[in-house]
Amino acid sequence: MSVAPRKEVDEVKELVTICKEYHIALRCELRRKELKEEDATHAMELAAYFTHCNLQPVHLALSLRSAMTVFFKSKNLATCATFCRRLLDLSPGQKIADQARQVLAACEKAPTDAVKINYDP
């Protein structure tokens, strides 16, 4: 690849950074989906890490919804609540916001984690 002006060089660097973030995010998500039930703890960790990739807001919201669901089903309600709050901070659509508020309310009733994982929100 050959680029001349400084502006083009900066744009290419930015694109490489974006691609790297999406590559990491997709590797986490694909690996999580491969695990299924065999290693629920590792699957939760991957779902959590996925939410920390530097993605566009709409994609970040998808990762947060996914993590919220995984953690709620696994009864890791304290950590699930953090994903709900982060999702609500993105000002999602009404339906998604209502779902996140409903899950958050349930999490706040018993904010504990049933499974210890290697993740610190």
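Quick caveat: nothing in here was measured; it's all calculated off a predicted structure.

Colleague: Lay out the environment of Pro5 with the relevant residues and their values.
Modeller: Its location among the elements puts Pro5 in the segment before helix 1 (6-35). A relative accessible area of 39% means that Pro5 is categorised as partly exposed. Sequence separation between Pro5 and Met44 is 39 residues, and the spatial gap between their C-alpha atoms is 44 Å.

Colleague: Describe the packing of helix 3 (residues 57-73) against helix 4 (residues 77-89), naming the residues involved and giving the relevant values.
Modeller: Two elements in contact, helix 3 and helix 4, have axes separated by 9 Å at closest approach and are oriented at 160°. In terms of orientation, helix 3 lies roughly antiparallel with respect to helix 4. For the element pair helix 3 and helix 4, the recorded crossing hand is left-handed. For the pair formed by helix 3 and helix 4, the contact residues are Leu60, Ala61, Leu64, Arg65, Ala67, Met68, Phe71 and Phe72 on the first element and Leu77, Thr79, Cys80, Phe83, Cys84, Arg86 and Leu87 on the second. For the contact of helix 3 with helix 4, the per-class residue count stands at 12 nonpolar, one polar and two charged.

Colleague: Tell me about the pattern of salt bridges, and name the residues and values.
Modeller: It is possible for side chains bearing opposite charge to pair when their charged atoms get close. Applying the stated criterion across every chain, the model contains six salt bridges. We note a salt bridge from Glu29 to Arg32, for which the minimum N-O separation is 2.8 Å. Residue Glu29 and its partner Arg32 are both found in helix 1; the two are separated by three residues, about one turn of the helix. Assigned by exposure class, Glu29 and Arg32 land together as buried. A salt bridge links Glu29 to Lys33, with the nearest nitrogen and oxygen atoms 4.0 Å apart. Highlighted residues: Glu29 and Lys33, both in helix 1, separated by four residues, approximately one helical turn.

Colleague: I'd like a description of the nonpolar core, backed by residues and values.
Modeller: Residues Met68, Phe71, Cys80 and Phe83 are the most contacted members of the largest nonpolar core, which totals 22 residues. Secondary-structure elements contributing two or more residues to this core are helix 2 (40-50), helix 3, helix 4 and helix 5 (94-109). Among the elements that take part in this core, helix 3 stands out by supplying seven residues, more than any other. When sequence neighbours within four positions are dropped, the list of residues in contact with Cys80 reads Met68, Phe71, Phe72, Val103 and Cys107.

Rules behind the numbers
Residues numbered from 1 in each chain as written. Predicted model: local features only at pLDDT ≥ 70, side-chain atom pairs only at ≥ 80, totals over all residues. Heavy atoms only, no water. Helix = DSSP H or I, 4+ residues; strand = E, 2+ residues; numbered from the N terminus. Buried < 20%, exposed > 50% of the residue type's maximum accessible area, 1.4 Å probe, protein only. Axes fitted to C-alpha atoms, helices over the stretch in contact; angles between N-to-C directions. Parallel < 35°, antiparallel > 145°, perpendicular 65-115°, else oblique. Left-handed = near helix turned anticlockwise from the far one by under 90°. Contact = heavy atoms within 4.5 Å. Nonpolar A, V, L, I, M, F, W, Y, C, P; charged D, E, K, R; others polar. Salt bridge = Lys/Arg side-chain N within 4 Å of Asp/Glu carboxyl O. Core = buried A, V, L, I, M, F, W, Y, C linked by side-chain atoms within 4.5 Å.

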